[in-house]
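# Observations on the three-dimensional arrangement
The chain contents come next:
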Amino acid sequence: MRVLLLAQFYPPVIGGEERHVRNLAVELAGRGHDVHVACLDVGRPPDADPGVTVHALPNVGVKVPALYPTADRPLALPVPDPLVSRALSRLVASVRPELVHAHNWIINSYLPLAAARRLPLVYSLHDYSHVCPTKRLMYLGDSPCSGPGLRKCFTCSSDWYGAARGPVIQSMVRSGRPVRNRVVDVFAPVSTYVGLANQLPEQGVRWQVVPNFVPDSLLSMGPVPRDPALPDGDYLFFAGDVSGQKGADTLLSAYATLDPATRLPLVLVGRPAMDLASLPEGVRVEEKWEHDRVVSGFAHARAAVLPSRWPDPCPTTVLEAMALGAPLVTTHMGGIADMVTDGDSALVVPPGDVAAIATALTRIISETGLGDRLATRARAEVKRYLQSRVAADLEEIYASLV
């Protein structure tokens, strides 16, 4: 089958969604499909992957960066970009795909084309962008939002994007939703929570959960080399944005309550997005690690601590910790609820609960066999999220449409 994937970015642009699209493209190509990827041109050539043809598209974001919140990652707005639409029209005519699979707001530049009504269209929802202008479903950045509302979204989007951009983007999301509902054949949210929070059942559309995934090799690979920057002996490990939404502040507060004489070193890897001027003794923050180094961090950790406070749609870091055998302390926020079972494949704590995290860490460190039991069960559970399994599910959806 000739498949065209639409994505905002493609590696070397780094991010969970970019890795998802790349791994999916490579897997589909390995299964014999003719795979093309269309992404935004950000001034750097996209990586070359076997069997995958990547097309970088001109876009307004590069030409007029002042329109966008971040010039290095031009946001695909929830409205057609005329340059992207024109390039996609030419690309569809040239490639002649049998099916189009879109990821994120770049879909809005494809919808005006006649091909959008003619070709089967799958739309993966990696976040809450179908109903939420900020995509995060967090009200004013502080607490999980109960759902969209005209006044709430106006206030929140203005706070997030600025008074000039926010209301415009909000209106784009609201007005574009009925169009997406009419044209998309199958919505593919990455978790049950994402499907429900995007109000797919109420909108009467066909949808099926297709989660994020990890490469099959994570379960079959041999011993992972220990990164020389990791502490000697046992340690605790966190990967992701070092932010309050990811629970890093709660983790640091919990860590500070542990007995300094017996607590293990704590390594946090990710982009700092909070004040880290005063850290408890034993904590180290590493800002920029390649993915292989993060894999090493999970593989050798006494425990992985990923206590998200926001409704994380389907965090790949949780899946990686499970696949690499790191006993996991996490929450049930967002898509994590689909992944783990408390006391079986992870220790699940309430979001923002300092005492509960401290207790969970103490248990994993002190209770003989607990960490091994959690890790063994997690490695069994994560098989539902392997790259080959998810690609096979998508193939079934593709076949049902074509």
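In what follows, the structure referred to is the one given above.
The sections below set out a description of the structure shown in this document. What you see is a predicted model, and the numbers here were worked out from it, not measured in a lab.

As a further point, take the overall build of the protein. Each helix and strand in the protein was counted, giving 16 helices and 14 strands. Taking 2.2 N^0.38 as the reference for a compact globule, 402 residues should give roughly 21 Å; the C-alpha atoms of the protein span a radius of gyration of 21 Å, in line with that estimate. Taken over the C-alpha atoms alone, the protein extends approximately 65 × 50 × 40 Å along its principal axes. Evaluated residue by residue, the protein yields a buried proportion of 55% over its 402 residues. Summarising the internal contacts of the protein: among those between residues at least 6 apart in sequence, 65% fall at separations of at least 24. Accessible surface for the protein amounts to roughly 16,500 Å². Of this, 53% is attributable to carbon and sulfur atoms. A distance of 7 Å separates the average location of the 38 positive side-chain charges in the protein from that of its 40 negative side-chain charges.

Bringing the state of the cysteines into the picture now. This model, assessed by the stated rule, comprises zero disulfides. Unpaired in terms of disulfides, C153 finds its nearest cysteine sulfur in C145, a separation of 6.3 Å.

Quick look at the side chain of H126 now. With respect to the secondary-structure elements, H126 resides in the loop between β5 (121-125) and β6 (138-139). Polar side-chain contacts of H126 include one of 2.8 Å to the side chain of H103. Among residues more than four places away in sequence, those in contact with H126 are E17, H20, H103, V190, N212 and P313.

Our focus in this paragraph is the sheet that holds strand β1 (residues 2-6). The sheet built from six strands is open, its strands ordered β3-β2-β1-β4-β5-β8 with parallel pairing. Either end of the sheet is taken by a strand with one partner, and the two such strands are β3 (52-57) and β8 (186-189). Each adjacent strand pair in this sheet contributes to an overall mean axis angle of 20°, direction not counted. Here β5 pairs with β8 via four bridges, running parallel. In the sheet register, S124 faces β8, and the bridge partner there is A188. Contacts from helix α3 (residues 82-95) reach β1, β2 (34-40) and β3 within the one sheet, and its direction differs from that of β3 by about 150°.

Overall, parallel pairing links the six strands, which are arranged β11-β10-β9-β12-β13-β14 in an open sheet. Edge positions in the sheet fall to β11 (283-286) and β14 (347-348), since each of these pairs with one other strand and no more. Most of the contacts of helix α11 (residues 291-299) go to strand β9 (residues 236-239), to which it runs at about 145°, and overall it touches β9, β10 (266-269) and β12 (303-306).

Rules and cut-offs
- Residues numbered from 1 in each chain as written.
- Predicted model: local features only at pLDDT ≥ 70, side-chain atom pairs only at ≥ 80, totals over all residues.
- Heavy atoms only, no water.
- Helix = DSSP H or I, 4+ residues; strand = E, 2+ residues; numbered from the N terminus.
- Rg over C-alpha atoms; globule rule 2.2 N^0.38 Å.
- Buried < 20%, exposed > 50% of the residue type's maximum accessible area, 1.4 Å probe, protein only.
- Contact = heavy atoms within 4.5 Å.
- Areas by Shrake-Rupley, 256 points an atom, 1.4 Å probe, with all protein chains shown as cover.
- Lys, Arg positive; Asp, Glu negative; His and termini not counted.
- Charge placed at Lys NZ, Arg CZ, Asp CG, Glu CD.
- Disulfide = S-S within 2.5 Å.
- Polar contact = N/O pair within 3.5 Å; in protein donor to acceptor, adjacent residues only side chain to side chain.
- Pairing = 2+ DSSP bridges.
- Axes fitted to C-alpha atoms, helices over the stretch in contact; angles between N-to-C directions.

Shape is all these values report; function is a separate question.
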